[in-house]
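# Summary of the model geometry
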Amino acid sequence: MRIALAQINTTVGDLDGNVERILVAAKDAAGAGADLVVYPELAITGYPPEDLLFRSAFVTDNLEALADLSRRWDQGPALLIGFVDRSERGLHNAAAVVWSGEVIARYHKHKLPNYGVFDEARYFVPGDAPCSLRLADSSIGISICEDAWRSGPPFDAYAGKVRVVPNLNASPYHRGKAEDRVQICRARARETGAWIVYVNAVGGQDELVFDGGSLVVDPGGDVAWRANVFEEDLLVVDVLGPGEDKPPLPATERAAWPGPVEEVYRALVLGLRDYVLKNGFSEVAIGLSGGIDSSLVAVLAADALGAASVRGLSMPSAYSSEGSLTDADELARRLGIRIDRIPIEEIVRAHLDALAEVFAGTEPNVAEENLQARARGNLLMAVSNKFGALVLPTGNNSEMATGNTTLYGDLAGGFAPNKDVPKTLVFELARWRNAQGPGEGPIPRAVIDKPPSAELRPGQLDTDSLPPYDVLDPILEGYIEGERSPEDLVAEGQDADLVARVVRLVDGSEYKRRQAPPGVKITPKAFGRDRRLPITNGYRRDLRNR
């Protein structure tokens, strides 16, 4: 059986556009002699369609899109396509086999994930029957995503009875997840004695990035073929039955899978590109401070969209160092992006004059500092309104976690590429990108070497208000991603007073994170989609008992 793994980039709700992508891949697969083309989960609707599923018309339109596609595909290989089905029991996350102008089989997903970014039990009812059929003198058993992550139905019904089990997926990226998928496919292959054909979506959808990396695992549990990551791909393979001696089709050679830092960088680029373009923007605006965070965002944007689509804004205050200004200018020069300079000192002074009577008798504190950040946020949003450019806030995950960010200031904007990137990883990404060139890379060395500072008061450093990032980030990872208690972290060797301080900062900043723009998810427990805690929260047991 010759199978084409059609790793396509769909858009949620773009039914017509998704159908066209399906048909383009089908024609290419037909040209390669494929017997079956397998697509990602919910390829007709895009994944996840979320509360669009509460709109009856949307579900009906998705069914009509499938029917239209079937009519248009009246010859060539069979297509295995994800869609939303409707039965007397409710809605189903489903797959259809389209062949010779009609739908010849339907399968309803058995296991509905309801954790992390997934809430399928909100929309769907589970299927209760396997679906197997014969195609091209071979037997297949259909499955969808979560079905494969645990043993049981439908795989128990396929064991020893089918030769190939296609698994349609929309599995979002986070660091280290690719290897998890390989292990899952190996386990199901060994249980069933079948080839596992794992087809994943690719592309960005709001905070989520689907990284592709579709693969084929043989009945012994070995990875036979892998598709590319972070890009569309059509992987065509020959799956042979027992005793068949037909020479298999050699799959086209794919690039080596990226290392851990490169894969994060590529996820950020893909997520940013798709968010901007799928939402109809053609330009982005970034506040360039000369610091590492804004420099990385500018480079990501230039790589994702092209230099002509990136607009930088330098907004120096009375405390901005000359080095920061020249670093921002040099970054813009290396990237070939536009940079405009608008000093904010007079704007801030006007605010202070207006507040003079109200602030009389008080000492300067964070209020005066944040006026600078909010002045910059206002200017960026004005540029956005005037030119239709999407503002990209530049804050990182370490700042987001601890609340070291200003509401209506540096949080202002539409999409935050660094939102889930710890500060230590920001530096790793900057160094990796510079190593790719051209020359010494786009980010000036001085930006990477100088101590991080918001430059909102004389001589300010980030370490004035936060622990050093190489100390802070492991605590944040343990508390947030690892869900370990303060006592657990102290038992692992962390300083008790420092842990208590960091936990207070994290727990007390939930209200800020609720007002932050979306950003690319790269960790297993990202703020927003994964980690949802109450803002009004009196539970502090671990801290009281420390």
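These numbers were taken from a predicted model, which means no experiment stands behind them. (Residues numbered from 1 in each chain as written. Predicted model: local features only at pLDDT ≥ 70, side-chain atom pairs only at ≥ 80, totals over all residues. Heavy atoms only, no water.)

In this section: the pattern of salt bridges. Applying the stated criterion across every chain yields a total of 37 salt bridges. The shortest N-O distance in the salt bridge between Arg72 and Glu20 comes to 2.9 Å. Taken as a pair, Arg72 in helix H2 (residues 56–72) and Glu20 in helix H1 (residues 15–31) lie far apart in primary sequence, 52 residues in all. A salt bridge links Glu231 to Arg266; the shortest N-O distance between them is 3.7 Å. Linking Glu231 in the loop between strand E14 (223–226) and strand E15 (233–238) with Arg266 in helix H5 (residues 260–278), this pair joins segments that are 35 residues apart in sequence. A relative accessible area of 35% places Glu231 in the partly exposed class. A relative accessible area of 24% means that Arg266 is categorised as partly exposed. What emerges from the salt-bridge pattern is a single network uniting Glu20, Asp68, Arg71 and Arg72. (Salt bridge = Lys/Arg side-chain N within 4 Å of Asp/Glu carboxyl O. Helix = DSSP H or I, 4+ residues; strand = E, 2+ residues; numbered from the N terminus. Buried < 20%, exposed > 50% of the residue type's maximum accessible area, 1.4 Å probe, protein only.)

What follows concerns the nonpolar core. Core analysis: the biggest nonpolar cluster contains 48 residues, and Leu268, Leu272, Val284, Ile286, Leu392, Leu429 and Ile522 have the highest contact counts within it. Going through the elements one at a time, H5, strand E16 (284–287), helix H6 (292–305), helix H7 (322–335), helix H11 (423–435) and helix H12 (445–449) are the ones with two or more residues in this core. Setting aside residues up to four positions removed in sequence, Leu392 forms contacts with Leu272, Val284, Ala285, Ile286, Val297, Ala301, Phe415 and Pro417. If you look at the next biggest cluster of nonpolar residues, it comprises 43 residues, including Leu36, Cys145, Val165 and Ile184. (Core = buried A, V, L, I, M, F, W, Y, C linked by side-chain atoms within 4.5 Å. Contact = heavy atoms within 4.5 Å.)

This brings us to the environment of Phe230. Mapped onto the fold, Phe230 is located in the loop between E14 and E15. In this structure, Phe230 is in contact with Tyr173, Val202, Val209, Asp211, Pro258, Glu263, Arg266, Ala267 and Leu270, ignoring residues within four places of it in sequence.

For the structure on display, the rule yields 4 cavities of 30 Å³ or more. Volume-wise, the largest cavity comes out at about 100 Å³. As for the largest cavity, its lining consists of 18 residues, of which Thr10, Tyr47, Ala201, Val202 and Phe210 are closest to the centre. Looking at the lining of the largest cavity, the element that brings in the most residues is strand E11 (residues 202–205), giving 4 residues. (1 Å grid on protein atoms, 1.4 Å probe; cavity = no way out; pocket = protein on both sides within 12 Å on 5 of 7 lines; lining within 4 Å. Points joined across faces, edges and corners; volume = space filled by probe spheres on them.)

Let's shift gears to the side chain of Ser214. Locating Ser214 in the fold gives a position in the loop between strand E12 (208–211) and strand E13 (215–217). Looking at Ser214, the relative accessible area reads 0%, which means it is buried. Polar contacts involving the side chain of Ser214 include one to the side chain of Gln7, which spans 2.8 Å. Discounting residues that sit within four places of it in the chain, Ser214 has contacts with Leu5, Gln7, Tyr198, Val199, Asn200, Trp225, Arg226 and Ala227. (Polar contact = N/O pair within 3.5 Å; in protein donor to acceptor, adjacent residues only side chain to side chain.)

Here we take up the pairing of strand E6 (residues 132–135). Alternating positions in E6 separate cleanly, Leu133 and Leu135 being buried on one face and Ser132 and Arg134 remaining unburied on the opposite face. By the bridge criterion, 4 bridges tie E6 to strand E7 (residues 138–141) in an arrangement that is antiparallel. Bridge pairing in E7 places Leu135 opposite Ser138. Remark: 2 residues form the turn of the hairpin made by E6 and E7, two consecutive strands paired antiparallel; Ala136 in that turn has positive phi of roughly 50°. (Pairing = 2+ DSSP bridges.)

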